[in-house]
Amino acid sequence: MSVALENTTRADLRVELGERSYDIVIAGGLIDQPDAYNGAIRDKRVLIVTNETVAPLYAAGVNKALSATHDVDTLTLPDGEQYKTLATLDTIYDRLLENGYGRDATIVALGGGVIGDIAGFAAASYQRGIDFVQLPTTLLAQVDSSVGGKTGVNHRLGKNMIGAFHQPTRVLADVGVLDSLPAREFAAGMAEVIKYGLIRDRPFLDWLDANLAAINNREPEVLIEVIRRSCANKAEVVAADEREAGQRALLNLGHTYGHALEAELGYGEWLHGEAVAAGMCMAADTARRLGWLDERQCEHIERIISAAHLPVAPPRELECARIRSLMARDKKVAAGTLRLVLMRDIGEAVVTRDYGDALDATLKRYFAK
Ligand SMILES: NC(=O)c1ccc[n+]([C@@H]2O[C@H](COP(=O)([O-])OP(=O)(O)OC[C@H]3O[C@@H](n4cnc5c(N)ncnc54)[C@H](O)[C@@H]3O)[C@@H](O)[C@H]2O)c1
Ligand SMILES: O=C(O)C(=O)C[C@@H](O)[C@H](O)[C@H](O)COP(=O)(O)O
Ligand SMILES: [Zn+2]
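Rules used in this analysis
- Residues numbered from 1 in each chain as written.
- Chains lettered and ligands numbered in written order.
- Predicted model: local features only at pLDDT ≥ 70, side-chain atom pairs only at ≥ 80, totals over all residues.
- Near = placed C-beta within 6 Å.
- Helix = DSSP H or I, 4+ residues; strand = E, 2+ residues; numbered from the N terminus.
- Nonpolar A, V, L, I, M, F, W, Y, C, P; charged D, E, K, R; others polar.
- Domains from an automatic or database assignment.
- Axes fitted to C-alpha atoms, helices over the stretch in contact; angles between N-to-C directions.
- Parallel < 35°, antiparallel > 145°, perpendicular 65-115°, else oblique.
- Left-handed = near helix turned anticlockwise from the far one by under 90°.
- Contact = placed C-beta atoms within 7 Å.
- Expected span 1.5 Å × (residues − 1).
- Buried ≥ 20, exposed ≤ 12 C-beta atoms within 10 Å, placed from the backbone.
- UniProt positions renumbered as here; feature names shortened; annotations may be inferred.
- Pairing = 2+ DSSP bridges.

Asker: Help me understand the site of ligand 1 in this model?
Answerer: Around ligand 1, a shell composed of 32 residues is seen, among which G112, G113, T137, T138 and S145 lie nearest. Within the residue set of the shell around ligand 1, elements represented by two or more residues are α3 (113-125), α4 (139-145), β8 (158-165), α5 (183-200) and α9 (272-289). Taken together, the residues of the shell around ligand 1 break down into ten nonpolar, 13 polar and nine charged. If you count residues domain by domain, the shell around ligand 1 takes at least three from each of domain 1 (11-181) and domain 2 (194-366).

Quick look at the structure:
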């Protein structure tokens, strides 16, 4: 059950995508309120897709909120990044088909980014596409993965290698559910928050820096502001470039390095946000070698990341050549060349293929073997 927060602000944002536009609502106690779903679910049948950790905490409240007006069933998946696979996706198709769900059904994704990505991809592909609603329950999912319509699953050889762009019909970011989130998962979400500051919103980064203690204490008003400003950044980028033909790639800062780390560590040893945090430090190092950032700026970035309880380097010795070959499979490879997202300054990122030997020098520094 999500607890409504007394006297806390509610923030409403909109992702402007023509006929696929949708609202992001940010408040406490949202997912248990029947009204919150008005206009987001077209027809009767709803399948809530969640996992074994989140279900006992929040599925009953969501089920109750929807049951007065809809015919609701719940599918509970195993928990973990290692289950973000085609095999798990198949279990969603099984449930939909065995129970005769049609194209008018809606999937409600209740969970973190793993559930959002996999349930979203089920919605994108089932009978060539059905509606879905995002109920993100981690900080990372509330600030990033529930918005923008990137859905998909991992492959042994690369992160999110199989997927589709498919926008939800609504995002309900209920800050009340963050109370039960473990500290390590909360910190992982902060990596994507800091990312917005580093790529395009220097004032936000300075605000984060000044408010980190209140953020780490999860003060509700401060959290709503963290989520609101993060989603506002993401919504703006997605509205301008839904399918990543250009500026959306900036949202990938640190991810080329980070996704390689996640794959090399077997999708489980490190959380996505942890890999992105270390990846952003590596991207800063590459930018420093190009003369774009100086030593002091790199230290500043590392200090904020550390203060958010995130790693600034790989967890142990990893093989440089293996990381480099995983990076070569990144989705930003164009005409056979890997493009990187690098900071020209703090708060200003670019996509570039002009990094010369700087990438290899960075990889040698972080991956000694
Ligand atoms: N689609 C996108 O744009 C996008 C953006 C960023 C990340 N991602 C993806 O998101 C995934 C990471 O998401 P994540 O960090 O949310 O991880 P996650 O989905 O694995 O959730 C983290 C853990 O927290 C648990 N949990 C979730 N909500 C909880 C709650 N309220 N209380 C207690 N426990 C809770 C989960 O069961 C899980 O064990 C990665 O697969 C990443 O690739 C996608
Ligand atoms: O929404 C985006 O665009 C992002 O890049 C957000 C990232 O935080 C996220 O991890 C995304 O899933 C990465 O996308 P990918 O295309 O590199 O798999
Ligand atoms: Zn990410």
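Once you've had a look at it, read on.
Asker: Teacher, can you tell me more about the packing of α5 against helix α7 (residues 220-240) here?
Answerer: When two helices pack together, you describe them by how their axes are tilted relative to each other and by the distance separating the axes. One can describe the packing of α5 onto α7 by two numbers: an axis separation of 10 Å at closest approach and a directional angle of 50°. In terms of their interaxial angle, α5 and α7 are classed as oblique. The handedness of the crossing between α5 and α7 comes out as left-handed. Along the contact surface, α5 presents V193, Y196 and R200, while α7 presents V226, S230 and N233.

Asker: Sorry, what's going on with α3 here?
Answerer: Since the α-helix advances by 3.6 residues per turn, residues separated by three or four positions end up pointing in the same direction. Here α3 spans 18 Å end to end across 13 residues, near enough to the 18 Å set by a 1.5 Å rise per residue. A large share of α3 lies buried, amounting to twelve of its 13 residues. Listed in full, the buried residues belonging to α3 are G113, V114, I115, G116, D117, I118, A119, G120, F121, A122, A123 and A124. Positive phi appears at Q127, one or two residues downstream of α3, with a value of about 45°.

Asker: What am I meant to see in the UniProt feature "domain: 3-dehydroquinate synthase C-terminal" (unreviewed entry) in the protein chain here?
Answerer: UniProt's entry tags residues 189-333 with the feature "domain: 3-dehydroquinate synthase C-terminal" (unreviewed entry), counted in the numbering of this structure. Annotation note: span residues 189-333, helix share 67%, strand share 1%, distance between end C-alpha atoms 26 Å.

Asker: Any chance you could explain the sheet that holds strand β6 (residues 131-136) here in plain terms?
Answerer: Where strands meet in a sheet, backbone hydrogen bonds hold them as pairs that are either parallel or antiparallel. Spatially, β1-β2-β9-β6-β5-β3-β4 is the arrangement adopted by the seven strands of the open sheet, whose pairing is mixed. Two strands bound the open sheet, and with one partner strand each, they are β1 (11-15) and β4 (71-77). Each strand axis lies, on average, 15° off the axis of its neighbour in the sheet, ignoring direction. Strand direction decides the pairing type here: strand β5 (residues 106-111) and β6, joined by six bridges, are parallel. Within β6, the residue paired with A109 across the bridge is Q134.

Asker: How should I be thinking about the pairing of β1 in this particular structure?
Answerer: Looking down a regular strand, the side chains alternate between one sheet face and the other. Sheet topology places β1 next to strand β2 (residues 22-27); five bridges connect them, and they run antiparallel. Considered in β2, the bridge of R14 is made with D23. Connecting β1 to the next strand, β2, in antiparallel fashion are six residues, including G18 with a positive phi near 60°.

Asker: Honestly, the packing of helix α8 (residues 255-264) against α9 in this entry has me stumped. Any pointers?
Answerer: Between α8 and α9, whose axes approach to 7 Å, the crossing angle comes to 135°. Between α8 and α9, the crossing angle belongs to the class labelled oblique. The chirality of how α8 crosses α9 is right-handed. On α9, the residues touching H255, Y257, G258, L261 and E262 of α8 are H272, A275, V276, A278, G279, M282 and A283. Residues that form the contact of α8 with α9 fall into these classes: seven nonpolar, four polar and one charged.

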